[in-house]
Amino acid sequence: MKLPITKFQVPINAQIPILKFGHCLLLIVICLVIGAWSLVIPAFALSINIDPSNIKVVLKPGETKTGEILVQNFGGTKIKVKAYTEDWVYAPDGSKTFIRSGSSVYSCSSWIKLDPASFELAPKEDKKVKYSIIAPNNASGGHVSVIFFEAVIDRYEGIAVSGRIGTIVYLDTEGDIKRSGELKDLVIEASEEGSPVSLNFSFVNNGNSHISAQPNIKIMDGGKMIIEKKAKNINTLPGDTKSSMIKIGEPLKEGKYKAQVEISFDGKTLKSQSDFTISKSAQK
Amino acid sequence: MNKFRLIIILCLLSCILHLPAFTLQAAGSITAVVTVQGTFNLMVNTDSFDFARLTPGQTGGMSRSEGVEVAGTSSGENPWYLKVSAEKPLTSGDNTIPNENFTWHGTSEGTGDWSGTQEKSLADPNVAAYMSSAEELDQVKKVINRFDFMLHVPEDTKPGEYSTTVKFTMTE
């Protein structure tokens, strides 16, 4: 006698999701790994993200440029954010040293208006901060600034820790930009086979705007180029002199060589070259 | 006759309603646009620390043995820099401890230039604590740096609770 199929019966070929011992073990292992990972990875009290991290604008005197910077709270707690501008100059290590707004001759900080200048961000919340850059009628040359977004600490015990993140502003006045530089003082430090070779030189920004120059090193043996190496960009403000040292990692054999430094920016290339000799190693 | 008119009207209506669909089919493709947002992110794992109790002439480390962890990530083309500074000298009322006595050192998980292998004073705002490497920019890699702070209390320091704000700055 055939039993009638009721809605509680399951066809024989159906796939039933049953957790076997192996599956349980796998789940436990995954949970343990996630638990251990959360202990290893530090939880961050503050996590602030911005986009963009730099703004490059070209303005005519009297012209205004507007835009938005997205500020996001990626952290798990509500934060108060203060938006403000500061000036900056280059430090000897290539980083930027931040100084009070209006204290640099190349400042455009006072030309920048921010809205809102202070606000709160809940966890995972974001805000678009509007900026207006108003070039005065007598604007000329290049100018720089930074728009900071700083987490304001209200309550703390001991020494407070805060963080700020900045959008760097580069402004050129249309029709009044002169990017020019000088490459000088090329000195090659080289002694004997196997010893490191280093090239020392200086770049002088004698224009009226910011320059980001790309150095390129070439080592020639006779007429043949045997080493070519690109180095980190050299960034300068008008009037800056930046000294650089670039080490050649590859060992050179005994002989006479020519070293050439090329610095490229704004479609121009400056060149300087010098001969040097590698002597036979005294250890041989 | 009425039925015939009704059928013609329904056919015309059907054609008009389906016209956009026909247009899409004729074009054979649709345009999908996505905006990928840039990452320029600073993370700090605490909002405060302390040095517990120190006596004049003594040098001590922070109570927080795990230090302060500060991470940076960038999807930009330019190198990024992390700096550490103190907003003002450690102050208690009218009394201060100059920042020359407030130092830091630490370790970095990054492949860029880390200047915290030797002790640095918070009085020097020119030195970057960390400069990112080209590899980290290519991979949009999160770099965790660990800062340990030390304080030397000069002999002539008046008793009190001294405080300041240590600020981490991240820019290109």
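Every chain is numbered independently, its residues counted from 1 as its sequence is written. Each chain gets a letter, beginning with A, and each ligand a number, beginning with 1, in the order they are written. Thresholds applied to this predicted model are a pLDDT of at least 70 for local features of residues and 80 or more for the giving and counting of side-chain atom pairs; totals over whole chains, interfaces and linings are not thresholded and use all residues.

On to the overall build of chain A. The secondary structure content of chain A amounts to one helix and 18 strands. Taken over 284 residues, chain A has a buried fraction of 29%. Think of it this way: build a C-beta for each residue from its backbone, and any pair within 7 Å is a contact. Sequence-distant contacts, at least 24 apart, represent 67% of the contacts inside chain A between residues at least 6 apart. Counting from the N terminus, the helices are the DSSP runs of H or I reaching at least four residues and the strands are the DSSP runs of E reaching at least two. Think of it as a crowd count around each C-beta: if 20 or more other C-beta atoms lie within 10 Å the residue is buried, if 12 or fewer it is exposed, and in between it is partly exposed, with C-beta placed from the backbone throughout.

Looking only at helices and strands, chain B has two helices and 13 strands in total. Across the 172 residues that make up chain B, the buried fraction comes to 30%. Excluding contacts between residues fewer than 6 apart, the proportion of contacts in chain B whose partners are at least 24 apart in sequence is 67%.

The next thing to look at is the domain arrangement of chain A. All names here are of chain A. Residue ranges for the domains trace back to a domain assignment, done automatically or taken from a database. Domain boundaries assigned for chain A yield domain 1 (48–173) and domain 2 (181–278). For domain 1 and domain 2, the distance between their C-alpha centroids amounts to 34 Å. Of the residues lining the interface, nine residues belong to domain 1; the matching set on domain 2 comes to eight residues. Note on residue categories: nonpolar means Ala, Val, Leu, Ile, Met, Phe, Trp, Tyr, Cys or Pro, charged means Asp, Glu, Lys or Arg, and polar means any other residue, Gly included. Class assignment of the residues belonging to the side of domain 1 that touches domain 2 gives a composition of five nonpolar, three polar and one charged.

Opposite the 35 residues of chain A that make contact, chain B presents 37 residues. The residue inventory of the side of chain A that touches chain B, partitioned by class, reads 20 nonpolar, 10 polar and five charged. Inspection of the sheet shows strand β1 (residues 46–51) of chain A paired to strand β1 (residues 40–44) of chain B by four bridges, in the antiparallel sense. Bridging across to β1 of chain B, Ile48 of chain A finds its partner in Leu42 of chain B. For two strands to pair, DSSP has to find at least two bridges joining them.

This paragraph deals with the pairing of strand β10 (residues 159–173) of chain A. Burial of β10 of chain A is extensive: 13 of the 15 residues sit out of reach of the surface. With six bridges connecting them, strand β2 (residues 54–59) of chain A and β10 of chain A associate as parallel partners. Opposite Ile55 of chain A, over in β10 of chain A, you have Val169 of chain A as the bridge partner. The pairing of strand β9 (residues 142–152) of chain A with β10 of chain A spans nine bridges and is antiparallel. The residue bridging Phe148 of chain A from the neighbouring strand is Gly166 of chain A, located in β10 of chain A. As defined by bridge partners, β10 of chain A adjoins strand β2 (residues 48–49) of chain B across two bridges and the pair is classed as antiparallel. Pairing of Ala160 of chain A across the sheet is with Ser48 of chain B, part of β2 of chain B. Here β10 of chain A runs beside strand β13 (residues 165–171) of chain B; their pairing, made up of six bridges, is parallel. Note on β13 of chain B: the bridge partner recorded for Gly163 of chain A is Phe168 of chain B.

So, about the confidence of the model for chain A. pLDDT measures how confident the predictor is about each residue, on a scale from 0 to 100. A residue-level look at chain A finds 83% of positions with pLDDT of 70 or above and a mean pLDDT of 87. Note that pLDDT drops below 50 for residues 35–42 of chain A; the model gives that stretch two contacts with residues more than four away or on any other chain.

What follows concerns the environment of Ile227 of chain A. All names here are of chain A. Considering the arrangement of structural elements, one finds Ile227 in strand β14 (residues 224–230). Here Ile227 falls in the partly exposed class, since 16 other C-beta atoms lie within 10 Å of it. Once the C-alpha coordinates of Ile227 and Ala117 are considered, the two residues, 110 residues apart in sequence, prove to be 51 Å apart. Excluding residues within four positions of it along the chain, Ile227 makes contact with Ile219, Ile248 and Glu250.

The next thing to look at is the sheet that holds strand β16 (residues 241–248) of chain A. Residues and elements named next belong to chain A. Taken in spatial order, the three strands line up as β11-β12-β16 in an open sheet, and their pairing is antiparallel. Pairing within the sheet leaves two strands with one partner each, and these edge strands are β11 (181–189) and β16. Taken pair by pair, the neighbouring strands of this sheet meet at an average axis angle of 20°, ignoring direction. By the bridge criterion, seven bridges tie β11 to strand β12 (residues 197–205) in an arrangement that is antiparallel. When the bridges of β12 are listed, Val187 appears paired with Asn200. Interaxial angles span 0 to 180 degrees and are taken between N-to-C directions of axes, which are lines fitted to C-alpha atoms, for helices over the stretch in contact.

Counting residues in hydrophobic clusters, the biggest one holds 64 residues, and the most contacted among them are Leu46, Ile133 and Phe149 of chain A together with Val44, Val70 and Leu82 of chain B. Apart from the residues lying within four places of it in its own chain, the contact partners of Leu82 of chain B are Val70, Gly72, Ala128, Ala129, Tyr130, Asn145, Phe168 and Met170 of chain B. When buried Ala, Val, Leu, Ile, Met, Phe, Trp, Tyr and Cys residues are joined through C-beta atoms within 7 Å, the set is termed a nonpolar core.

Attention now goes to the environment of Thr236 of chain A. All names here are of chain A. On the secondary structure map, Thr236 appears in strand β15 (residues 234–236). Between the C-alpha atoms of Thr236 and Gly94, which are 142 residues apart in sequence, the distance is 8.6 Å. If near-sequence neighbours (up to four positions away) are discounted, Thr236 is found in contact with Tyr90, Phe203, Asn205, Ile211 and Lys242.

This paragraph deals with unusual backbone geometry. All names here are of chain A. A cis amide bond links Asp51 to the next residue, Pro52, at an omega of 10°. By the secondary structure assignment, Pro52 is in the loop between β1 and β2. Geometrically, the link from Asp115 to Pro116 is a cis peptide bond, its omega value of 0° lying close to zero. Take Pro116: it is sitting in the loop between β6 (112–115) and β7 (118–121). Unusually for a residue other than glycine, Asp185 sits at a positive phi of about 55°.

Residue and element names in this part refer to chain B. The buried count for β1 comes to five of five residues, which makes it a mostly enclosed element. Here β1 shows a buried face lined by Phe40, Leu42 and Val44 and a second buried face lined by Asn41 and Met43. Two elements, β1 and strand β4 (residues 68–74), share five bridges in a ladder whose sense is antiparallel. The residue of β4 that forms the bridge with Leu42 is Gly72.

Another point: the confidence of the model for chain B. On average, residues of chain B carry a pLDDT of 89, and 88% of them reach 70 or more. Here the predicted complex carries an ipTM of 0.82, next to a pTM of 0.82.

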